[in-house]
Amino acid sequence: MFTACPHCDFLVTHLSGQPRPEACPRCGKPLAADPGASAASGPAVAGAAAPPALATLLDDEPTPPAATAPEAASAAADPAPGPEPIPQPQPEPRSTPQPPPAIAADAPSVVALHATPAQASAAPRTNAARPRRARWQWPLVVLLALLLGLQVLLADRARLAADPQWRPLLLQACGVLRCSLPDWREPGAFTMVERSVRPGQAPGTLRVDATFRNDARWAQPWPLLQLSLADADGRTTGSGVFAPEQYLGEAPEGLLAPGQSAQVTFVVQEPAPGTVAFSFRFH
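Cut-offs used in this document
- Residues numbered from 1 in each chain as written.
- Predicted model: local features only at pLDDT ≥ 70, side-chain atom pairs only at ≥ 80, totals over all residues.
- Heavy atoms only, no water.
- Helix = DSSP H or I, 4+ residues; strand = E, 2+ residues; numbered from the N terminus.
- Polar contact = N/O pair within 3.5 Å; in protein donor to acceptor, adjacent residues only side chain to side chain.
- Contact = heavy atoms within 4.5 Å.
- Core = buried A, V, L, I, M, F, W, Y, C linked by side-chain atoms within 4.5 Å.
- Buried < 20%, exposed > 50% of the residue type's maximum accessible area, 1.4 Å probe, protein only.
- Patch = residues over 30% accessible without salt bridge, like charges linked within 9 Å, V, L, I, M, F, W, Y side chains within 5 Å.
- Areas by Shrake-Rupley, 256 points an atom, 1.4 Å probe, with all protein chains shown as cover.
- Salt bridge = Lys/Arg side-chain N within 4 Å of Asp/Glu carboxyl O.
- Disulfide = S-S within 2.5 Å.
- Pairing = 2+ DSSP bridges.
- Axes fitted to C-alpha atoms, helices over the stretch in contact; angles between N-to-C directions.
- Phe/Tyr/Trp six-rings, centres within 6.5 Å; stacked < 30°, edge-to-face > 60°.
- Lys NZ or Arg CZ within 6 Å of the ring centre and 35° of its normal.

(A) Structural context of the side chain of Asn 214. Topologically, Asn 214 is positioned in strand β5 (residues 205-214). Separated by 3.1 Å, the side chain of Asn 214 and the backbone nitrogen of Ala 216 make a polar contact. Residues in contact with Asn 214, not counting those within four places in the same chain, are Ala 189, Phe 190, Ala 219, Gln 220, Leu 256, Ala 257, Pro 258, Gly 259 and Gln 260.

Below is the structure:
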């Protein structure tokens, strides 16, 4: 049999036919209800649930004891947790397509450097020097190209001076640089103005008189004069080439200027009698 303690609602077990225990083995208070104690404690626990009536439970299963006032207050303060909510599946967040990241070609890591005052003042000078350097680079390249071309002209001036197209440029360049050019030679520019061949004062000699002019653009040295003699049949009886010292009698001084004429007279030995024709050529 079971008897509920009126104080703590503890079920006290005792055998049927045996006397009921006088005190509760749990709280130690008497199992019999005390009317005076209940009336005295009534105001203190006013508003609390009244203890259940004494009952003898025949069931084998004990019923859970009713909560006392302190336990009811703590239960009101801390409500019993209800059934755990069943977790609902959360919808997956929609992924917003992100644009592909920009690919940086070997982008170096950025490191913040604090420039010293000397470096900070040198940076504007460097930036200002770049345009200045770009301004004089191209004139320098042009000047070096002109110097190279001038060097080629001077190195090959002996051959180029014989070309009438290059000679004026070389004359101006050598006039500034004080270099020398070989003399202009154009034998075909000499023109025979007058000529005559007659017997000399001595027997077996011939007197040659000739006047020629330099028609070239530039002054040139005195030419070599070739004289050829022929008989009545047109056969060449003799030929000779005479240097300026021979037909002038002395070494010439200077060159024949353009348009300048020269008259020469010299005596030659007649190679064979019967000379009736002659011709001149310049070399």
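(B) Spotlight on the side chain of Thr 205. Mapped onto the elements, Thr 205 comes out in strand β5. Separated by 2.5 Å, the side chain of Thr 205 and the backbone oxygen of Ala 202 make a polar contact. Once residues lying within four places of it in the same chain are set aside, the contact partners of Thr 205 are Pro 199, Gly 200, Val 267, Val 268, Gln 269 and Glu 270.

(C) Structural context of the nonpolar core. The biggest cluster of nonpolar side chains holds 19 residues, and the ones touching the most others in it are Val 208, Phe 212, Leu 227, Tyr 247, Phe 266, Val 268 and Phe 280. For this core, the secondary-structure elements that each account for two or more residues are β4 (190-199), β5, β6 (225-230), β8 (261-269) and β9 (277-282). Residue contacts for Tyr 247: discarding those within four places in its chain leaves Phe 212, Trp 222, Pro 223, Leu 225, Phe 242, Val 264, Thr 265 and Phe 266. Among the nonpolar cores identified, the runner-up in size contains 6 residues, and Leu 153, Leu 160, Ala 161 and Cys 174 belong to it.

(D) Up close: a nonpolar patch on the surface. Residues Trp 136, Leu 140, Leu 143, Leu 144 and Leu 147 make up a contiguous nonpolar surface patch of about 500 Å² in total accessible area. Residue position: Leu 140 is located in helix α3 (residues 117-155). Looking at Leu 140, the relative accessible area reads 38%, which means it is partly exposed.

(E) Representation of the state of the cysteines within the structure. Per the counting criterion, the structure on display carries 1 disulfide. With its sulfur 2.0 Å from that of its partner, Cys 174 forms a disulfide with Cys 179. One disulfide, between Cys 174 and Cys 179, carries an S-S torsion of -95 degrees and so falls in the left-handed class. Looking at Cys 174, the relative accessible area reads 6%, which means it is buried. By relative accessible area, which is 24% here, Cys 179 ends up partly exposed. Free cysteine Cys 5: the closest other cysteine sulfur is in Cys 27, separated by 3.7 Å. Take Cys 24: it sits in no disulfide, and the sulfur closest to it among the cysteines is that of Cys 8, at 3.7 Å. For Cys 24, a relative accessible area of 2% corresponds to the buried category.

(F) Highlighting the sheet that holds β5. Taken in spatial order, the 3 strands line up as β4-β5-β8 in an open sheet, and their pairing is antiparallel. The two strands at the open ends of the sheet, each matched to only one other strand, are β4 and β8. Neighbour to neighbour, the strand axes of the sheet diverge by 15 degrees on average, direction disregarded. Strand direction decides the pairing type here: β5 and β8, joined by 9 bridges, are antiparallel. Counted as the bridge partner of Asp 209 is Thr 265 from β8.

(G) Geometry of the packing of aromatic side chains. On inspection of all chains with the given rule, the structure shows 8 aromatic pairs. Consider the rings of Phe 212 and Tyr 247, whose centres lie 6.5 Å apart with planes at 85 degrees: the pair is edge-to-face. Within this pair, whereas Phe 212 is found in strand β5, its partner Tyr 247 is found in helix α6 (residues 244-248), the two being separated by 35 residues in sequence. Neither Phe 212 nor Tyr 247 differs from the other in exposure class; each is buried. Cluster of aromatic residues (ring-pair linked, three or more members): Phe 190, Phe 212, Trp 222, Tyr 247 and Phe 282. For Arg 167, the ring lying beneath its charged end belongs to Trp 218, and the centroid distance is 5.8 Å.

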